[in-house]
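Here's the letter readout for the chains.
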Amino acid sequence: MSKRKNAQRSRKYSVRNRSVKATKKYKDTIFRMLFANKENLLSLYNAMNQKNYTDADALQVVTLENSIYMGMKNDLAFILDMNLYLYEHQSTYNPNMPLRDLFYISNEYQKLVVQKSLYSSVLQKIPAPKFVVFYNGTKKIEDVSEFRLSSSYECQTDDPNLELRVTVLNVNEGHNQELMEHCQTLKEYAQYVAKVRKYTSLKELSLEEAVECAVEECIKEGILAEFLIQNRAEVISMSIFEYNKDEEEKKLRKAEFEAGLEEGRMAGIEEGRMELLKQLIQRKLSKGKSIDAIAEELEESVTVIQNLIGDGEIKK
């Protein structure tokens, strides 16, 4: 039986409320806008899975349009070949994607079985999940890597009861060449992002001018040309938003890093002070001085002195 017929045989799952419009609080992305087109999405699926399906209608889109959690939104979700694929695009390195995908897939499954009884003696069948992140940030990563939910566990174990694996694909220009060659839209998207970065690095151009130049050059070179001509204003607006969002996240991470360094420095100073205090207490105790006298001489409270002695690290 042909692959196309297999695709057409894929079960159509009943999903409630999957076409609710996105709230205005969520800003769409160019990646999501490109692959919301079912033909483009099918092309990406084929490239990812070495398939050659041609019937885009066999692809059942189940993207959670109204699922927003802490400003996060499911990018693309669809069912094909009895599998449920969750595709996410990330321009910043995010090891928390397995946890986010756990929320997404739980929501998806709730919608799929909403009219079925989970207390039935009949086993309820669900499509197997496949999690993929398409990463095109500036942090250098391998072409293919993996995030695991178990990495987030406070207590690590070799055989966790709950595991969720996310495949991370580097889709920056020059990476995953074979995948790019099999999905022209993804390849041209990577080229567009590279051009935006090239022009935004030029200090003499404003952000809007840089994006305008990137769009203009792509159109001239036939890179996403039709898409950019039809959606020029929206693409420029989205690109500016995505750039500003990435820059703000970089500043936030830098601030968090610096705060962590300062916290570590202060903790180190306090640790050193307490160690010196213990040594001084030990010396004074060896001379037979009372706790009250030691506290007065060291200008510390009697409680602090007693606690340090009580820890057992100081011998009376």
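Our structure is the block above this text.
Residues numbered from 1 in each chain as written. Predicted model: local features only at pLDDT ≥ 70, side-chain atom pairs only at ≥ 80, totals over all residues. Heavy atoms only, no water.

1. Structural notes on the pattern of salt bridges
One side chain can pair with another of opposite charge once the charged atoms of both are near each other. Inspection of the entire model under this criterion finds eight salt bridges. Across the salt bridge formed by Glu217 and Lys198, the nearest N and O atoms sit 3.1 Å from each other. Linking Glu217 in helix H7 (residues 207-221) with Lys198 in helix H6 (residues 184-200), this pair joins segments that are 19 residues apart in sequence. Glu217 sits in the buried class, given a relative accessible area of 16%. On the accessibility criterion, Lys198 (39% relative accessible area) is partly exposed. Of the charged contacts in the structure, one is a salt bridge between Arg232 and Glu212, with a shortest N-O distance of 3.2 Å. Of this pair, Arg232 sits in helix H9 (residues 232-286) while Glu212 is found in helix H7, placing the two residues 20 residues apart along the sequence. With a relative accessible area of 27%, Arg232 lands in the partly exposed category. (Salt bridge = Lys/Arg side-chain N within 4 Å of Asp/Glu carboxyl O. Helix = DSSP H or I, 4+ residues; strand = E, 2+ residues; numbered from the N terminus. Buried < 20%, exposed > 50% of the residue type's maximum accessible area, 1.4 Å probe, protein only.)

2. Points about the packing of aromatic side chains
On inspection of all chains with the given rule, the structure shows twelve aromatic pairs. With centroids separated by 4.9 Å and ring planes inclined at 45°, the aromatic side chains of Phe31 and Phe35 adopt a geometry described as tilted. With Phe31 and Phe35 both in helix H2 (residues 30-35), this residue pair falls four residues apart, about one helical turn. As far as burial versus exposure is concerned, Phe31 and Phe35 are alike and both buried. An angle of 35° between the planes, with centres 5.5 Å apart, marks the rings of Phe31 and Phe134 as tilted. Placement of the pair is Phe31 in helix H2 and Phe134 in strand E6 (residues 128-135), with a sequence separation of 103 residues. No difference in accessibility class separates Phe31 from Phe134, as the two residues are buried. Connected via pairs of aromatic rings, a cluster forms that spans Phe31, Phe35, Tyr45, Tyr53, Phe78, Tyr85, Tyr87, Phe134 and Tyr189. Across the ring face of Tyr93, the terminal group of Lys139 is positioned such that the distance to the ring centre comes to 4.9 Å. (Phe/Tyr/Trp six-rings, centres within 6.5 Å; stacked < 30°, edge-to-face > 60°. Lys NZ or Arg CZ within 6 Å of the ring centre and 35° of its normal.)

3. Examining the nonpolar core
Counting residues in each nonpolar core, the largest one holds 47 residues, and the members touching the most others are Phe35, Tyr87, Leu186, Tyr192 and Leu228. In terms of residue count, H6 provides more of this core than any other element does, seven residues in total. Setting aside residues no more than four positions away along its own chain, Phe35 makes contact with Asn40, Leu41, Leu44, Leu76, Cys183, Thr185 and Leu186. Counting residues in each nonpolar core, the second largest holds 20 residues, with Val62, Tyr109, Val113 and Val166 among its members. (Core = buried A, V, L, I, M, F, W, Y, C linked by side-chain atoms within 4.5 Å. Contact = heavy atoms within 4.5 Å.)

4. Focus on the sheet that holds strand E5 (residues 83-90)
Ordered by their spatial adjacency, six strands build an open sheet running E1-E4-E5-E6-E8-E7, and the pairing between neighbours is mixed. Every interior strand has two partners, whereas the edge strands, strand E1 (60-61) and strand E7 (144-148), have only one. Bridge count for E5 against E6 is eight bridges, and the pairing is parallel. Bridging across to E6, Glu88 finds its partner in Val133. (Pairing = 2+ DSSP bridges.)

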